[in-house]
Amino acid sequence: MVYVNRKEHFNAAHKLFNPNWSREKNEEVFGPCANENWHGHNFELIVTVKGEPDPDTGFVVDLKKLSTLIKSEVIDKVDHKNLNMDVPFLEGKMASCEIIIAEFWKILEPKVKQLQEGSSLHKLTLYETPRNFVEYYG
């Protein structure tokens, strides 16, 4: 089994805020991430696809096709957006990295399978900052 990774980048703003809590409770739990005027990040998304290399191409997946898929299905929908307000698939959800990455998986997993027979989405990694990141295996 070979694991192939593609990294993409996007910029986005968000706010962590539970509307069922007081402003004070939100600030206590989320700190500066509860800023009422939002805050932004330079996100890095790493998509890991697994499979056996195709004997004709040597590819687990064509990385150009994978990049195009990631950009059209995810990056174009979140780049330079307010994740809480501008992204339909996050509507009504907490815009934490944990929720965001699970939503990305729902979008990408069925489409990655279609790129090359025998390949599948293995893992997503989402960096919010150079030191804070989440991984998701579906």
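Here, the structure is the one placed above.
Keep in mind that this is a model prediction, so the values were computed, not measured.

Procedures and definitions
Residues numbered from 1 in each chain as written. Predicted model: local features only at pLDDT ≥ 70, side-chain atom pairs only at ≥ 80, totals over all residues. Heavy atoms only, no water. Helix = DSSP H or I, 4+ residues; strand = E, 2+ residues; numbered from the N terminus. Buried < 20%, exposed > 50% of the residue type's maximum accessible area, 1.4 Å probe, protein only. Areas by Shrake-Rupley, 256 points an atom, 1.4 Å probe, with all protein chains shown as cover. Contact = heavy atoms within 4.5 Å. Axes fitted to C-alpha atoms, helices over the stretch in contact; angles between N-to-C directions. Parallel < 35°, antiparallel > 145°, perpendicular 65-115°, else oblique. Left-handed = near helix turned anticlockwise from the far one by under 90°. Salt bridge = Lys/Arg side-chain N within 4 Å of Asp/Glu carboxyl O.

As for the overall build of the protein chain
- The helix and strand tally for the protein chain stands at three helices and five strands.
- With the C-alpha coordinates of the protein chain rotated into their principal frame, the extents come out at 60 × 25 × 25 Å.
- Residues classed as buried in the protein chain amount to 43% of the 138 residues present.
- Carbon and sulfur atoms make up 49% of the accessible area of the protein chain, which totals about 8000 Å².

Section: the environment of Trp105
- Relative to the elements of secondary structure, Trp105 occurs in helix 3 (residues 97–113).
- Spatially, the C-alpha atoms of Trp105 and Asn84 are 18 Å apart, while their sequence positions differ by 21 residues.
- Beyond its immediate sequence surroundings of up to four residues, Trp105 is in contact with Pro110, Leu121, His122, Lys123, Leu124, Tyr136, Tyr137 and Gly138.

Quick look at the packing of helix 2 (residues 63–78) against helix 3
- Between helix 2 and helix 3, whose axes approach to 11 Å, the crossing angle comes to 155°. Judged by the inter-axis angle, helix 2 sits roughly antiparallel to helix 3. The chirality of how helix 2 crosses helix 3 is right-handed. Packed against helix 2, whose contacting residues are Leu66, Leu69, Ile70, Glu73, Val74 and Val78, the element helix 3 presents Phe104, Ile107, Leu108, Lys111 and Val112 at the interface.

Structural notes on the pattern of salt bridges
- What the rule picks out here adds up to seven salt bridges.
- Salt-bridge contacts for Glu8 lead to Arg6; the nearest nitrogen and oxygen are separated by 2.8 Å.
- For Arg6, a relative accessible area of 28% puts it in the partly exposed group.
- For Arg23, the salt bridge identified is with Glu27, shortest N-O distance 3.1 Å. Taken as a pair, Arg23 and Glu27 lie in helix 1 (residues 23–30) at a separation of four residues, close to a single helical turn.
- For Arg23, a relative accessible area of 47% gives the class partly exposed.

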